[in-house]
Each structure stands twice: as structure tokens, then as C-alpha cells.
Number of protein chains: 2
Amino acid sequence: MNYGQVLREPTRVKLPSNAPTVNGVRMDVFQELVGSVSSNPGRGLAEFGVATRWTGGTRSSSRVESWSLGGQARPRFFEIASDEPAELCGTESAPNPQELLMAAINACMMVGYVALCAAEGIELESIEIRTAGTLDLRGFLGLDESVKPGYEDVSTIVKIKGTGTEQQFLEIHRKVQATSPNYSNLTTAVACRPALVVE
Amino acid sequence: MNYGQVLREPTRVKLPSNAPTVNGVRMDVFQELVGSVSSNPGRGLAEFGVATRWTGGTRSSSRVESWSLGGQARPRFFEIASDEPAELCGTESAPNPQELLMAAINACMMVGYVALCAAEGIELESIEIRTAGTLDLRGFLGLDESVKPGYEDVSTIVKIKGTGTEQQFLEIHRKVQATSPNYSNLTTAVACRPALVVE
């Protein structure tokens, strides 16, 4: 049973045999991106979006159909299912929103470590990022307005192995915290004023 | 091709034929949860965690193996894949971290609307939540320290259809913003001090 699937076989990037990669990252693509955004910041405006529909009970399905870079829309086709554990009234058919959030943070930081290592010629053997946090459900359940519904804090441990020195990895670790979009989205306030349409 | 899968068939919740549900939400389970957490807040401490490993290039796989409620660990088995679009040096094999984040936010808010409607006896026909945002990649690429790597803001539109009045839905909309864990995690700062282990 699959809780999510690729809706259409995506266009695979074909690596020319001579494409230089470090840690599986195409350095020509990376350098082109850096050059392009440096010379014209508008080319670095990346818009992402997701449409989520209710699929019964605590289940939902989030669909990704496009993104855009520098104002140019590009198709994408993914579906991300979510559900809650039985104890939280769900049917346990998919990861819950908390787990998707932590996957989003870890996966984003991961790209940071890999790209920064690639840029410095550090070859990686492995990276593992663990994130955990505890919600006080009095917030979600509306039982106590003084209880924050989200996390006060989360704990994250990054284990890294590769050809870098301890000092290089520490510096990259610092840079990831300064530049990771989802680390920023978690650790700073993002403005949001959801609009409601009653149909 | 699947970008993620359920690693083991989860225990399905078997609904007894007489279990009262509204919008597919087991009201007995919901009321038991509310009662349990009201009388003993420790029972409402819900710990979630995810371990993410690098799977090459910009790809990662996040594994969920357990969660705990009120200190009691419960097994769970899900895997969440992530990758980047080709233009961001990826192979487009899975949703990217931004899309996982938005799915996490929308799915969490969705549970809020469904549960609050269920608690008020409002029967839902449909809910759709769309979230979108634009990153300025100068932040991620480290090209300008004054550029926030995450979102300054995101836009969210909620479309809801059911037996509630406009006034009821507006009140629920307000409550979701006050109680949704991931809405809180996005719109307030969550503390995180990632530890680094160089192996």
C-alpha cells in the first residue's frame, strides 16, 4: 500500500558522461545557478505551492503541480498523504503533519550540507539528521490558551562523515543554520493570514 | 515509481459498527483524548521524531519509526522521500523540502478544521487548503546575508463547504489559527540548536 505516489513519471535529469558531480551534485548546474542569481536576483525567486484536499477523517492529500523559478512556471507532479495515529482519531495510513514538518526541515538542511560540501570539494560518505520534539496537546485541543500549540523547541542532531576536517564541517554546520530555508522557516516567524472562503 | 512507502502495513483502526463518527472522526476517541488530557496534562505530551539519511545528490529519505503519547512509545513505520528539481541540482524524484513543509502546514490545519467541525456537529462536504510562498534564493545560496533564506510570508486560502453557517466557519477558522501546531510552528519562532557529530 502506498500513501503517496508520483503522479507522472518526472523528467529525469540525464547526466552527460562528462558532467562534473561532487556528492551527486551537478557542479555545472550549481555554478550556473549561483552565477545567474548573482547577476540577476529576480532569477532566484523560487515560488512553491501545494493544494491540499480533505480525504476523510484526519486524512488529507497534498498535490504539487508546479513551481516557478525566476517567474518561469515548471510542471511537477507529486502527492503527499497525511493522516494521524489512531490515538489522535486517525487511521494511521500515512505520516502525520508533525512528521512531514520534521522531514521537511531535515531534508532542507541535508541539501545545505551536501551542496556546501560539494562547493568545497568535500566528499561525503554519510549524513544523518534526527529531529524530535514534544507537543503539549492542551494547545491543539484548546484546553489552555497559555499553552503554545506548536513546539517550544525541537532537538536536532546531525551526524556527518566525509573527507572534510572537523573545522570545515563545523563551519558548514554554521552556514547551514544561516542559509537553510526550512531551518529559517522553523526558527523565525513567517507571516501568514489565511483567507477563508465558505462555499 | 514510488517516492515513499509504508514500510509495514500499519495497524488499521477497526471501527465498531456503532462507533459514532462525524466527518470520519471517531467522537469517542476524540472525547476520550480531551478528557484524558484535561484531567492529566502529562497524557497530552506527544513526542514525534524523524531520522533522515542522505541518499545521494539532493535526495534524502526520512524514516518514522515511533512516536509517543503520555510517555508511551508506539511504533510507526513510514518513509518520506525528498529531492530537488533539476534546476536546483536535483533529480526531481520526490517533493522538495518546501513542498513537504507546505503539506505539513496544510495537513495540520486540515485536522483542525475537521475536528472542530466534528465537535460542533457540522458535517463537511469538502475542504481545500492552498499554500504558496516565494523564496529569494540569494539567502540559500549565501549571496546576501541580509536576505532571509526562508519565507517572509506565505499565502494560504482555505475553501470549506458543509452544514455550518458562515459565522460558525469563521469562528472555527479563527480557532484553527490559535490551536494548529504547524501553523504555530510556521508563524512563531521555534528554538533549535542543532548538534554536530563528525564521524
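Conventions and cut-offs
Position numbers for residues count from 1 along each chain, tracking the sequence in the order it is written. Key to labels: chains lettered from A, ligands numbered from 1, both in the order written. Given that the model is predicted, a residue must reach a pLDDT of at least 70 before its local features are reported, and side-chain atom pairs must reach 80 or more before they are shown or counted; all residues, however, enter totals for whole chains, interfaces and linings. Excluding hydrogens and water, the side-chain figures rest on all heavy atoms present in the structure. For the purposes of this entry, the term helix denotes a DSSP run of H or I that reaches at least four residues, the term strand denotes a run of E that reaches at least two, and both are numbered from the N terminus. Each residue is assigned to one of three classes by its accessible area relative to the maximum for its type, calculated with a 1.4 Å probe on protein chains only: buried under 20%, partly exposed between the two thresholds, exposed over 50%. Two residues qualify as a contact provided that any one of their heavy atoms is within 4.5 Å of a heavy atom in the partner residue. Residue exposure ignores everything except the shown protein chains as possible cover, and the areas themselves are Shrake-Rupley values with a 1.4 Å probe. A residue counts as positive if it is Lys or Arg and as negative if it is Asp or Glu; His and the chain ends are not included. For the purpose of locating charges, the reference atoms are NZ of Lys, CZ of Arg, CG of Asp and CD of Glu. In the sections that follow, a salt bridge refers to a side-chain nitrogen of Lys or Arg positioned within 4 Å of a carboxyl oxygen of Asp or Glu. For two strands to be treated as a pair, DSSP must find no fewer than two bridges joining them. The term buried area denotes the loss of accessible surface (1.4 Å probe radius) that occurs when two parts are joined, taken as the sum for both partners. Here a polar contact is taken to be a pair of N or O atoms separated by no more than 3.5 Å, where protein atoms must pair a possible hydrogen donor with a possible acceptor and residues adjacent in sequence count only if both atoms sit in side chains. Here the bounds of each domain stem from an automatic or database domain assignment. Charged residues are taken to be Asp, Glu, Lys and Arg, nonpolar residues to be Ala, Val, Leu, Ile, Met, Phe, Trp, Tyr, Cys and Pro, and polar residues to be all remaining types, Gly included.

**Q** Please explain the overall build of chain A as it appears in this structure.
**A** Of regular secondary structure, chain A possesses five helices and nine strands. When its helices and strands are written in sequence order, chain A yields β-β-α-β-β-β-α-β-α-β-α-α-β-β. Taken along its principal axes, the extent of the C-alpha atoms in chain A is 55 × 40 × 35 Å. For chain A, the proportion of its 199 residues judged to be buried stands at 54%. The long-range share in chain A, meaning contacts at least 24 apart out of those at least 6 apart in sequence, stands at 49%. Carbon and sulfur atoms make up 48% of the accessible area of chain A, which amounts to about 8300 Å² in all. When the 18 basic and 23 acidic side-chain charges of chain A are each reduced to a single mean position, those positions are 7 Å apart.

**Q** Is there a simple way to explain the pattern of salt bridges in this structure?
**A** Pairing between side chains of opposite charge can happen when their charged atoms approach one another. All names here are of chain B. If you walk through the whole model with that rule in mind, you get 24 salt bridges over all chains. Residue Arg 63 is joined to Glu 79 by a salt bridge in which the shortest nitrogen-to-oxygen separation is 3.6 Å. Linking Arg 63 in strand β4 (residues 60-69) with Glu 79 in strand β5 (residues 72-82), this pair joins segments that are 16 residues apart in sequence. Judged by its relative accessible area of 33%, Arg 63 falls in the partly exposed class. A residue is classified by how much of its surface remains accessible, and Glu 79, at 13% relative accessible area, is buried.

**Q** How should the environment of A:Gly57 be read in this particular structure?
**A** Assignment of secondary structure puts A:Gly57 in the loop between β3 (45-54) and β4 (60-69). Its relative accessible area of 2% is what places A:Gly57 among the buried residues. For the pair A:Gly57 and A:Thr91, spaced 34 residues apart in the sequence, the C-alpha separation amounts to 8.1 Å. Apart from residues no more than four positions distant in its own chain, A:Gly57 is found in contact with B:Asn23, B:Gly24, B:Val25 and B:Val114.

**Q** Would you mind going over the pairing of β5(B) with me for this structure?
**A** The two faces of a sheet get side chains in turn, since along a regular strand they alternate between them. As paired elements, β4(B) and β5(B) share nine bridges and run antiparallel to each other. Across the sheet, B:Val64 pairs through a bridge with B:Phe78, a residue of β5(B).

**Q** Honestly, the interface of chain A and chain B in this entry has me stumped. Any pointers?
**A** Note: interface size is frequently given as the accessible area lost on complex formation between the parts. Each side of the interface is counted separately: chain A has 138 residues, and chain B has 138 residues. Both faces considered, chain A and chain B share a buried interface measuring about 12300 Å² in area, 65% of it formed by carbon and sulfur atoms. In this assembly, chain A and chain B are joined by six salt bridges. The partner of B:Arg76 in a salt bridge is A:Glu99, with the nearest N and O atoms 2.8 Å apart. Taken together, the links from chain A to chain B amount to 58 residue pairs in polar contact (both at pLDDT 80 or more). The element that contributes the greatest number of residues to the side of chain A that touches chain B is helix α2 (residues 97-119) of chain A, accounting for 16 residues.

**Q** Can you walk me through the domain arrangement of chain A in this structure?
**A** All names here are of chain A. Structurally, chain A comprises domain 1 (40-94) and domain 2 (96-188). Put simply, the middle of domain 1 and the middle of domain 2, counted by C-alpha atoms, are 20 Å apart. Taken together, the contact between domain 1 and domain 2 spans eight residues of the former and four residues of the latter. Taking both sides of the interface into account, the surface hidden between domain 1 and domain 2 amounts to around 390 Å²; carbon and sulfur atoms contribute 61%. Among the residues domain 1 hides against domain 2, the three largest losses belong to Ser 82, Glu 84 and Leu 88. Together they make up 61% of the total. Remark: the boundary between domain 1 and domain 2 carries zero salt bridges. Broken down by class, the residue content of the side of domain 1 that touches domain 2 amounts to five nonpolar, one polar and two charged.

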